[in-house]
Amino acid sequence: MGRYNGSATVIADGVDYTVRAELWCEPSPPQSVRSFAGSSPVGGGGIEWGGTLYASGGTDAFAMHQANSLLLRLDDGAEAPFTFPPGGEGDLEAGELEIRGSGTVPFDCG
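Caption draft 1: A look at the overall build of the protein chain. When its secondary structure is counted, the protein chain shows one helix and eight strands. Moving toward the C terminus, one meets the helices and strands of the protein chain in the order β-β-β-β-β-α-β-β-β. Long-range contacts, defined as pairs at least 24 residues apart, comprise 57% of the intrachain contacts of the protein chain with a sequence gap of at least 6. Just so you have it, the protein chain exposes about 6,300 Å², and 48% of that area is on carbon and sulfur atoms.

Right, dumping it as structure tokens:
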């Protein structure tokens, strides 16, 4: 499982926000599909990533959370889109945002 801890930029609806990012990545688990013949694993083999972003305060966190277009850019220039998981917003008033990646992992997943 790889990790990234450092500064990053969130581009939310064309506006740049500086954040601190604590990110993780791991192989996605296979899903079990049931049929008349029993159940069997399918899928998996991909990589899931996500983590927590720490904004400078609640105002920035709320603005990012309400945006329609979200992109995370790390200090080395790597970029990836992300989303906010339903029910897992973090603590917006404290500037804390939980995210899930929706594209290629932008850091070394080792």
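Once the structure has been displayed, the description carries forward.
Caption draft 2: Highlighting a negative patch on the surface. Together, D91, E93, E96 and E98 give the surface a local cluster of negative charge. Tracing the chain through its elements places E93 in the loop between β7 (79–83) and β8 (96–101). For E93, a relative accessible area of 69% corresponds to the exposed category.

Caption draft 3: Layout of the environment of R100. Relative to the helices and strands, R100 is located in strand β8. On the accessibility criterion, R100 (32% relative accessible area) is partly exposed. Sequence separation between R100 and P81 is 19 residues, and the spatial gap between their C-alpha atoms is 9.0 Å. Contacts of R100, omitting those with residues within four sequence positions, involve W24, W49, G50, G51, F82, T83 and P85.

Caption draft 4: Inspection of the sheet that holds β8 at higher detail. With antiparallel pairing, six strands are arranged side by side around a closed barrel as β1-β2-β5-β8-β7-β6. The average undirected angle you get between the axes of adjacent strands in this sheet is 40 degrees. With five bridges joining them, strand β5 (residues 47–54) and β8 adopt antiparallel strand pairing. Residue pairing across strands places G50 opposite R100, the latter belonging to β8. This element, helix α1 (residues 58–66), spans β1 (2–12), β2 (15–27), β6 (70–74) and β8 of the sheet and lies at about 65 degrees to β2.

Caption draft 5: Highlighting the state of the cysteines. If you walk through the whole model with that rule in mind, you get one disulfide. Two residues share a disulfide in this structure: C25 and C109, whose sulfurs sit 2.0 Å from each other. Its S-S torsion of approximately 130 degrees makes the covalent link between C25 and C109 right-handed. One end of the pair, C25, is in strand β2; the other, C109, is in the segment after β8, with 84 residues separating them in the sequence. Of the residues examined, C109 reaches a relative accessible area of 19% and is grouped as buried.

Analysis parameters
- Residues numbered from 1 in each chain as written.
- Predicted model: local features only at pLDDT ≥ 70, side-chain atom pairs only at ≥ 80, totals over all residues.
- Heavy atoms only, no water.
- Helix = DSSP H or I, 4+ residues; strand = E, 2+ residues; numbered from the N terminus.
- Contact = heavy atoms within 4.5 Å.
- Areas by Shrake-Rupley, 256 points an atom, 1.4 Å probe, with all protein chains shown as cover.
- Patch = residues over 30% accessible without salt bridge, like charges linked within 9 Å, V, L, I, M, F, W, Y side chains within 5 Å.
- Salt bridge = Lys/Arg side-chain N within 4 Å of Asp/Glu carboxyl O.
- Lys, Arg positive; Asp, Glu negative; His and termini not counted.
- Charge placed at Lys NZ, Arg CZ, Asp CG, Glu CD.
- Buried < 20%, exposed > 50% of the residue type's maximum accessible area, 1.4 Å probe, protein only.
- Pairing = 2+ DSSP bridges.
- Axes fitted to C-alpha atoms, helices over the stretch in contact; angles between N-to-C directions.
- Disulfide = S-S within 2.5 Å.

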